[in-house]
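Chain residues, written in single-letter form:
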Protein chains: 2
Amino acid sequence: MNPDDACPIRDILNRFGDKWSILVMVQLHRHRVLRFSAIGKSIPDISQRMLAVTLRTLEADGLVKRKVYPEVPPRVEYQLTTMGESLIPLIRNMVEWARENRGEIIRSRNAYEGRE
Amino acid sequence: MNPDDACPIRDILNRFGDKWSILVMVQLHRHRVLRFSAIGKSIPDISQRMLAVTLRTLEADGLVKRKVYPEVPPRVEYQLTTMGESLIPLIRNMVEWARENRGEIIRSRNAYEGRE
DNA sequence: CAGTATCCTGATCGATACTG
DNA sequence: CAGTATCGATCAGGATACTG
């Protein structure tokens, strides 16, 4: 009843409400481990900047682990942490819900447009 | 072609990534039915404008039903649609996850700050 | 009461160029 | 390869005032 009940979600969920975080996490989950450039290829329309920013944020939150190999040329590998993996089932549920309801939402939007 | 067309999750989830949609839906779920001003009171820091905008979007998407009573002064009641209700369990899971992991995320953020 | 209409600010995001 | 730096555009969101 207290609005604070939903407050933790605001802080946390806002991170995944951004444009790329969920997409990056899904790719990392699918491939287990990916290099920077490989994530970029798996998400063709993400810019280098936004990929870096997104990975930095996910890393800071402890959802993604970053491992640097001291080689030349440099190699950096990313993978989900245990906490990051624990979020995957929830993301999957959301995707599933979106798939099931997308048609109705689109229809509703069109109807709403037409009624004014 | 818009990438949102190909990726249902981006189109749908972006709506709930905004600042107020989830909070409004949670309030409507808890009270079953609420008037405009009552939602505002249950979410003290939402502006009148953002409440109206959020409700309009949720209504357009078919997640919230709006009922106007032809009275003076006007009375308008909002409640979740069936589709809106179907989203509540997923939101609850997200809130639950956020509660369980919030501590670790905060600690991770602090550690990340300190390491550079 | 239940909203609109304006105006404005800060954040988000993208393009481009550059680097260890 | 794996980034960072800089700039500019776009947009979500807030403050305030007004209305049927």
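Residues numbered from 1 in each chain as written. Chains lettered and ligands numbered in written order. Predicted model: local features only at pLDDT ≥ 70, side-chain atom pairs only at ≥ 80, totals over all residues. Heavy atoms only, no water.

**Q** How should I be thinking about the interface of chain B and chain A in this particular structure?
**A** Bring the parts together and some accessible area is lost; that lost area is often taken as the interface size. In this assembly, 50 residues from chain B lie in contact with 46 residues from chain A. Interface area for chain B against chain A, summed over the two sides, is near 4400 Å², with a carbon-plus-sulfur share of 64%. In terms of surface lost to chain A, no three residues of chain B exceed B:Met94, B:Trp97 and B:Arg109, which account for 16% of the buried area on that side. Our count for the contact surface shared by chain B and chain A stands at 8 salt bridges. Between B:Arg10 and A:Asp45 there is a salt bridge, with the nearest N and O atoms lying 3.5 Å from each other. Our count for the contact surface shared by chain B and chain A stands at 14 residue pairs in polar contact (both at pLDDT 80 or more). Elements represented by at least two residues in the side of chain B that touches chain A include exactly helix H1 (3–6), helix H2 (8–16), helix H3 (21–31), helix H5 (48–60) and helix H6 (82–114) of chain B. Looking at the side of chain B that touches chain A, the element that brings in the most residues is H6(B), giving 19 residues. Residue composition of the side of chain B that touches chain A, by class: 24 nonpolar, 9 polar and 17 charged. (Contact = heavy atoms within 4.5 Å. Buried area = accessible area lost by both parts, 1.4 Å probe. Salt bridge = Lys/Arg side-chain N within 4 Å of Asp/Glu carboxyl O. Polar contact = N/O pair within 3.5 Å; in protein donor to acceptor, adjacent residues only side chain to side chain. Helix = DSSP H or I, 4+ residues; strand = E, 2+ residues; numbered from the N terminus. Nonpolar A, V, L, I, M, F, W, Y, C, P; charged D, E, K, R; others polar.)

**Q** Before we go on, may I ask you to explain the environment of B:Met50 in this structure?
**A** Summarising the element assignment, B:Met50 is placed in helix H5. For B:Met50 and B:Val64, which are 14 residues apart along the polypeptide, the C-alpha to C-alpha distance reads 15 Å.

**Q** What am I meant to see in the protein's contact with DNA strand C here?
**A** Around DNA strand C, a shell composed of 19 residues is seen, among which A:Lys19, A:Arg49, B:Gln48, B:Arg66 and B:Tyr78 lie nearest. Restricting attention to atoms of DNA strand C within 4 Å of the protein, one finds that 61% of them are sugar or phosphate atoms. A distance of 2.6 Å is found between a base nitrogen of DNA strand C and a side-chain nitrogen or oxygen belonging to B:Gln48. In the model, a sugar or linking oxygen of DNA strand C is placed 3.3 Å from a nitrogen or oxygen of the B:Pro74 main chain. Contributing elements (two or more residues each) for the surface near DNA strand C: helix H4 (48–60) of chain A together with helix H4 (36–42), H5 and strand E3 (75–80) of chain B. With 4 residues, the single largest contributor to the surface near DNA strand C is H5(B). In terms of residue class, the surface near DNA strand C is built from 9 nonpolar, 2 polar and 8 charged. (Near = heavy atom within 4 Å.)

**Q** Sorry if this is basic, but what is going on with the relation of the copies chain B and chain A here?
**A** The two chain copies are connected by a rotation around an axis plus a translation along it. Mapping chain B onto chain A calls for a rotation angle of 180° and an axial translation of 0.0 Å; the resulting RMSD is 0.1 Å. The symmetry that links the two subunits is that of a two-fold axis. If distances are taken from each C-alpha of chain B to the rotation axis, the shortest is found for B:Gly17, at 1.9 Å. Most of the interface of chain B is mirrored in chain A, where 86% of its interface residues are also at the interface. (Least-squares fit on C-alpha atoms with pLDDT ≥ 70 in both.)

**Q** Could you clarify how one ought to interpret the nonpolar core in this entry?
**A** Across soluble globular proteins, nonpolar side chains show a tendency to be buried alongside one another. Membership of the largest hydrophobic core comes to 67 residues, with the highest contact counts inside it found for A:Ile39, A:Trp97, B:Ile39 and B:Trp97. For A:Ile39, the contacting residues outside a window of four places in its chain are A:Val24, A:Leu28, A:Leu34, A:Leu51, A:Leu55 and A:Tyr78. (Core = buried A, V, L, I, M, F, W, Y, C linked by side-chain atoms within 4.5 Å. Buried < 20%, exposed > 50% of the residue type's maximum accessible area, 1.4 Å probe, protein only.)

**Q** Teacher, can you tell me more about the pairing of strand E3 (residues 75–80) of chain A here?
**A** For a regular strand, the rule is simple: side chains alternate between the two faces of the sheet. Residues and elements named next belong to chain A. Bridging between strand E1 (residues 34–35) and E3 involves 2 bridges; their strand directions are antiparallel. Residue pairing in the sheet places Arg35 in a bridge with Glu77 of E3. In sequence, strand E2 (residues 64–69) turns back onto E3 through a hairpin of 5 residues. (Pairing = 2+ DSSP bridges.)

**Q** I keep staring at the sheet that holds E3(A) and nothing clicks. Help me out?
**A** Sheet strands pair via backbone hydrogen bonds, and the direction of the pair is either parallel or antiparallel. Residues and elements named next belong to chain A. Pairing within the open sheet is antiparallel, and its 3 strands lie in the order E1-E3-E2. Looking at the sheet topology across the chains shown, the edges are occupied by E1 and E2. Lying on the sheet, helix H2 (residues 21–31) is in contact with E1, E2 and E3; it crosses E3 at an angle near 95°. With respect to the sheet, H4 is in contact with E2 and E3, its orientation differing from that of E2 by roughly 110°. (Axes fitted to C-alpha atoms, helices over the stretch in contact; angles between N-to-C directions.)

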